[in-house]
Amino acid sequence: MNAETFVENYIMHDSLIDKVEADSAAKTVVMLIDFAFWMQKDYVEGEPETGVLKVTFSNVSQCIMPSYADWQAVSILETRIEEDAVLFALLNDMTDDYSEIRIKAGSVTVERI
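Residues numbered from 1 in each chain as written. Predicted model: local features only at pLDDT ≥ 70, side-chain atom pairs only at ≥ 80, totals over all residues. Heavy atoms only, no water.

**Comments concerning the pattern of salt bridges**
Per the counting criterion, the structure on display carries 5 salt bridges. Close ionic contact of Glu 82 with Arg 80 constitutes a salt bridge, the shortest N to O distance being 3.3 Å. Each member of the salt-bridge network shares a partner with another, and the members are Glu 78, Arg 80, Glu 82, Glu 100 and Arg 102. (Salt bridge = Lys/Arg side-chain N within 4 Å of Asp/Glu carboxyl O.)

**Concerning the nonpolar core**
In this structure, Phe 6, Ile 17, Met 31, Phe 57, Phe 88, Ile 101 and Ile 103 are the most contacted members of the largest nonpolar core, which totals 25 residues. Taken together, the elements giving at least two residues each to this core come down to helix H1 (3–9), strand S1 (16–23), strand S2 (28–36), strand S3 (50–58), strand S5 (74–82), strand S6 (85–92) and strand S7 (98–104). Per element, the largest residue contribution to this core is 4 residues, and it comes from S2. What Phe 57 contacts, discounting residues up to four positions off in sequence, is Phe 6, Lys 27, Thr 28, Val 29, Met 31, Val 86, Phe 88, Ile 103, Ala 105, Ser 107 and Val 108. (Core = buried A, V, L, I, M, F, W, Y, C linked by side-chain atoms within 4.5 Å. Buried < 20%, exposed > 50% of the residue type's maximum accessible area, 1.4 Å probe, protein only. Helix = DSSP H or I, 4+ residues; strand = E, 2+ residues; numbered from the N terminus. Contact = heavy atoms within 4.5 Å.)

**A word on the packing of aromatic side chains**
One pass over the structure, following the stated rule, counts 6 aromatic pairs. Linked through ring pairs, Phe 6, Tyr 10, Phe 35, Phe 37, Phe 57 and Phe 88 together constitute an aromatic cluster. In this arrangement the basic side chain of Arg 112 is found over the ring face of Phe 37, its NZ or CZ atom lying 4.0 Å from the centre. (Phe/Tyr/Trp six-rings, centres within 6.5 Å; stacked < 30°, edge-to-face > 60°. Lys NZ or Arg CZ within 6 Å of the ring centre and 35° of its normal.)

**Regarding a negative patch on the surface**
A cluster of like negative charges, contributed by Glu 4, Glu 8, Glu 83 and Asp 84, occupies part of the molecular surface. By secondary structure assignment, the location of Glu 4 is in helix H1. We classify Glu 4 as partly exposed; its relative accessible area is 34%. (Patch = residues over 30% accessible without salt bridge, like charges linked within 9 Å, V, L, I, M, F, W, Y side chains within 5 Å. Areas by Shrake-Rupley, 256 points an atom, 1.4 Å probe, with all protein chains shown as cover. Lys, Arg positive; Asp, Glu negative; His and termini not counted. Charge placed at Lys NZ, Arg CZ, Asp CG, Glu CD.)

Quick look at the structure:
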């Protein structure tokens, strides 16, 4: 899917980032996200409220992100498209510091793991 479709179809608010790995040689960014299924339009009562998603950005031409030693305390406030890139607005829940991840990619895949 493209970046716009990703942002339209996945409400990331209240999800937590577990891990982010950027591989400049492979032009990929892989994010493991403790995802809030309960925030989604198609959520069915009684199903798991949260779970892990693997989000892979391929053919990445830009990746700007903070360097956290521990992503466990970072939650997603929102995602939006800004200048053809996916922008993740983040909050460090331990320090209340705001930061952003900006990824410009050719495609995005989402896998429930």
